Amino acid sequence: MANNRIKGLVVEIGGDTTKLGKALEQTEKQTRGLTSELADVNKLLKLDPGNTDLLAQKQRILGELIGKTGDKLTALRAANEKAAKSAENYDKWLRKYQPLQEESDKLREQLRKLQQQQRKIAEEEGPDSDGYRALQPEVDAVRAALKSLQQQQKAVTLRASVAGFSPDLTDEQLRALQREITKTEKQLADYADAQADAAQSASDLKTDLQQTATEVKSEGKAASDSADAHEDLGDA
C-alpha cells in the first residue's frame, strides 16, 4: 500500500491529472485480492506440489500481479518525475518569492504598529478624533500595498505550479516516494522470480510425467515382447 505521505501528490498518467492515492486506489485493491488468492494457492501446493492445475493457476496470478505492480510503478515514477521537476524549479521560485515575502513581512509589521497607534488614540481621544482619522490614509495605503504583494506572491506561485512546481511538496514526501519506488521495484522483481520458479516447476513436472509415461510404455512393450517370446517358445 502506498505511503500516506505521498497519496496527495498530483500525478499525470495517460494525459489525465489526478492525485497519486486515487490513481493507485483500484490497482492496490486488485493487488490485495490477487495476493490473497496466491496465498491460498500456495497452501494447496504444499499439500499437492504436483498439481498441474494449481501450478498453472499460480502462474496466472503472478502474471496479473506483475501487471498490476507494473502499473503502480508507472504511477510512482510519473509522480517522481513531477517531483524532480518541481525540485529543479524550486530555486527559481524561491528567488522570486522570497523578496516579496520579506517585503510583505515588513508591511505586516508596519500595519500592526499603525493599528496599535489607532487603538491607543481611540482609547484616549475616541475613534472620531483628528489623530485617529489622520492615521487612516496611511493604514489604508499599507493595506493596499500588502494586498498587492500578496497577489504578486500568488501569481509567482501559480506560474511556478504551471511550470511543474508544488511549494507544498516536502523533503519527507520526496524521500517517502523514493522508498515506495524501491519497495515496488523489489516486489516486481520478486513476483517475476516467483513466476519463473513456477514455470520451471511446471516444466519439470511435465518432463517427469513424460518420462514416466515413456518408461511405462517401454515396460509395457518389454512385457509384451517377453510374453510373445514365451508364446513362441511354447509353440516350438
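None of these values were measured; they are calculated from a predicted model.

### Overview of the overall build of the protein
Reasoning step 1: Looking only at helices and strands, one finds four helices and two strands in the protein.
Reasoning step 2: Secondary structure elements of the protein, listed N to C terminal, follow the sequence β-β-α-α-α-α.
Reasoning step 3: The buried share of the protein, taken over its 236 residues, is 26%.
Reasoning step 4: Pairs at least 24 residues apart make up 74% of the contacts formed inside the protein by residues separated by at least 6 positions.

### Structural notes on the confidence of the model for the protein
Reasoning step 1: Residues at a pLDDT of 70 or more form 75% of the protein, whose mean pLDDT is 80.
Reasoning step 2: The least confident element of the protein, judged by mean pLDDT, is strand 1 (residues 10–13) at 54; the most confident is helix 1 (residues 20–47) at 89.

### Focus: helix 1
Reasoning step 1: Counted at 1.5 Å a residue, the expected span for helix 1 with its 28 residues is 40 Å, and the 41 Å between its end C-alpha atoms agrees.
Reasoning step 2: Along helix 1, the sharpest change in direction is near 30° and occurs at Gln 26.
Reasoning step 3: Among the residues of helix 1, Leu 20, Gly 21, Leu 24, Thr 27, Glu 28, Thr 31, Leu 34, Leu 38, Val 41 and Leu 45 are the ones counted as buried.

### Let's talk about a positive patch on the surface
Reasoning step 1: Residues Lys 92, Arg 95, Lys 96 and Arg 159 make up a contiguous surface patch of positive charge.
Reasoning step 2: Inspection of the secondary structure puts Lys 96 in helix 2 (residues 52–124).

### Here we look at the side chain of Ser 104
Reasoning step 1: Inspection of the secondary structure assignment puts Ser 104 in helix 2.
Reasoning step 2: A residue is classified by how much of its surface remains accessible, and Ser 104, at 0% relative accessible area, is buried.
Reasoning step 3: Leave out the neighbours within four places in its chain, and Ser 104 touches Leu 146, Leu 149 and Gln 153.

### A word on the nonpolar core
Reasoning step 1: Counting 14 residues, the largest nonpolar core has Trp 93, Leu 107, Leu 111, Leu 114, Val 142 and Val 156 as its most contacted members.
Reasoning step 2: Those residues in contact with Val 142, other than ones at most four positions away along the chain, are Leu 107, Gln 110, Leu 111 and Leu 114.
Reasoning step 3: Counting 12 residues, the second largest nonpolar core, distinct from the first, contains Leu 34, Leu 38, Val 41 and Leu 54.

### A look at the pattern of salt bridges
Reasoning step 1: One pass over the full model with this rule turns up nine salt bridges.
Reasoning step 2: Here Arg 77 and Glu 185 are joined by a salt bridge, their closest N and O atoms 2.9 Å apart. Pair noted here: Arg 77 is in helix 2 and Glu 185 is in helix 4 (residues 171–235), with a separation of 108 residues, a long-range link.
Reasoning step 3: For Glu 185, a relative accessible area of 34% gives the class partly exposed.
Reasoning step 4: Among the ionic contacts, a cluster of salt bridges with common partners joins Glu 28, Lys 72 and Glu 180.

### Digging into the side chain of Gln 118
Reasoning step 1: By the secondary structure assignment, Gln 118 is in helix 2.
Reasoning step 2: On the basis of relative accessibility, which here comes to 6%, the residue Gln 118 falls in the buried class.
Reasoning step 3: Contact partners of Gln 118, with chain neighbours within four places excluded, come to Tyr 132, Leu 135, Gln 136 and Val 139.

Rules used throughout
Residues numbered from 1 in each chain as written. Predicted model: local features only at pLDDT ≥ 70, side-chain atom pairs only at ≥ 80, totals over all residues. Heavy atoms only, no water. Helix = DSSP H or I, 4+ residues; strand = E, 2+ residues; numbered from the N terminus. Buried < 20%, exposed > 50% of the residue type's maximum accessible area, 1.4 Å probe, protein only. Contact = heavy atoms within 4.5 Å. pLDDT = per-residue confidence, 0-100. Expected span 1.5 Å × (residues − 1). Bend = angle between axes of the 7 residues up to and from the residue. Patch = residues over 30% accessible without salt bridge, like charges linked within 9 Å, V, L, I, M, F, W, Y side chains within 5 Å. Areas by Shrake-Rupley, 256 points an atom, 1.4 Å probe, with all protein chains shown as cover. Salt bridge = Lys/Arg side-chain N within 4 Å of Asp/Glu carboxyl O. Lys, Arg positive; Asp, Glu negative; His and termini not counted. Charge placed at Lys NZ, Arg CZ, Asp CG, Glu CD. Core = buried A, V, L, I, M, F, W, Y, C linked by side-chain atoms within 4.5 Å.

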